[in-house]
Amino acid sequence: MQLHLKTPVRQDYLSVFHAFDEQLFRKLAPSYPRLRLLRFDGSAPGDKVEVVLQTGIKSFRWTSLITERHTTDTEAYFVDEGQQLPPPLRYWRHQHLVSRHGSGAVIHDIITYSTGFKLLDLLLYPLMRVSFGLRKPVYERVFGKG
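Residues numbered from 1 in each chain as written. Predicted model: local features only at pLDDT ≥ 70, side-chain atom pairs only at ≥ 80, totals over all residues. Heavy atoms only, no water.

A.B. asks: How would you explain the sheet that holds strand 6 (residues 91–101) if you had to name every residue and give the values?
C.D. replies: Spatially, seven strands are ordered 1-7-6-5-4-3-2 in an open sheet, and the strand pairing comes out antiparallel. For this open sheet the edge positions go to strand 1 (2–9) and strand 2 (34–40), each flanked by a neighbour on one side alone. Strand-to-strand twist of the sheet, defined as the mean angle between neighbouring strand axes without regard to direction, takes the value 20°. Bridge count between strand 3 (residues 48–54) and strand 4 (residues 59–71): seven bridges; the pairing is antiparallel. (Pairing = 2+ DSSP bridges. Helix = DSSP H or I, 4+ residues; strand = E, 2+ residues; numbered from the N terminus. Axes fitted to C-alpha atoms, helices over the stretch in contact; angles between N-to-C directions.)

Below is the structure:
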């Protein structure tokens, strides 16, 4: 299942792209489940990000590996792929793409996920859309509304 969310922002694409650091990661963290950050290496291939999702009932570890990073004259992106995922996820790929848009940029969150069950993937889609949709006001606050 794939989800593609776009957020236009005022700052130029390279400034936005280079701002994807631990501080922004913490700002983007959802209020629920709470995240406890264990490791944040960065966004270069080979870097890892490890968190514990704390639901209040049970905690789940999530580890992602940065597998790609690329920059051109019009866009820049990096990809994180899930290595250790919370149930029911079995596959996770998140492309963080920032493209030039006039004097500003568009931030694209392109998420591909799977539970191994098409029906469950469909049931999770609205939750994923809402969860990642909460990033939009954070992006607009940090980078200016586009």
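A.B. asks: Please set out helix 3 (residues 118–133) residue by residue, giving values where relevant.
C.D. replies: Under the 1.5 Å per step criterion, the end-to-end length of helix 3 is 22 Å for 16 residues, consistent within 8% with the ideal 22 Å. Leucine 124 marks the point of greatest bend in helix 3, at about 35°, and the proline proline 126 comes within the next four residues. Listing the buried residues of helix 3 in full gives Asp121, Leu124, Met128 and Phe132. Buried residues in helix 3 make contact with strand 1, strand 6, strand 7 (104–114) and helix 4 (135–143). (Expected span 1.5 Å × (residues − 1). Bend = angle between axes of the 7 residues up to and from the residue. Buried < 20%, exposed > 50% of the residue type's maximum accessible area, 1.4 Å probe, protein only. Contact = heavy atoms within 4.5 Å.)

A.B. asks: Can you lay out the pattern of salt bridges for me, pointing to particular residues and giving the numbers?
C.D. replies: In this structure the tally under the stated criterion is seven salt bridges. Residues arginine 61 and glutamate 50 are paired through a salt bridge, measuring 2.8 Å at the closest nitrogen-oxygen approach. Remark: glutamate 50 occurs in strand 3 and arginine 61 occurs in strand 4; sequence separation between them is 11 residues. On the basis of relative accessibility, which here comes to 36%, the residue arginine 61 falls in the partly exposed class. Look at glutamate 50 and you get buried, because its relative accessible area is 12%. Between glutamate 68 and arginine 93 there is a salt bridge, with its nearest N and O atoms 2.9 Å apart. Residue glutamate 68 is found in strand 4, and its partner arginine 93 is found in strand 6; the two are separated by 25 residues along the sequence. A residue is classified by how much of its surface remains accessible, and glutamate 68, at 28% relative accessible area, is partly exposed. Under the relative-accessibility criterion, arginine 93 is labelled partly exposed at 22%. (Salt bridge = Lys/Arg side-chain N within 4 Å of Asp/Glu carboxyl O.)

A.B. asks: Before we move on, could you go through the nonpolar core and cite the residues and values that matter?
C.D. replies: By size, the foremost hydrophobic cluster in this structure holds 16 residues, and its most contacted members are Val9, Val16, Phe20, Val98, Ile107, Tyr139 and Phe143. Elements that contribute at least two residues to this core include exactly helix 1 (13–18), helix 2 (22–28), strand 5 (75–84), strand 7 and helix 4. Once you skip the residues sitting within four places of it in the chain, valine 98 turns out to touch Tyr13, Val16, Phe17, Phe20, Thr74, Glu75, Ala76, Ala105 and Val106. Counting 15 residues, the second-largest nonpolar core is a separate cluster that includes Leu5, Leu85, Leu89 and Phe132. (Core = buried A, V, L, I, M, F, W, Y, C linked by side-chain atoms within 4.5 Å.)

A.B. asks: Explain unusual backbone geometry to me, and be specific about the residues and the numbers.
C.D. replies: Backbone torsion omega between tyrosine 32 and proline 33 reads -5°, so that peptide bond is classified as cis. On the secondary structure map, proline 33 appears in the loop between helix 2 and strand 2. A cis amide bond, omega 10°, links proline 87 with the succeeding residue proline 88. As for its position among the elements, proline 88 is in the loop between strand 5 and strand 6.

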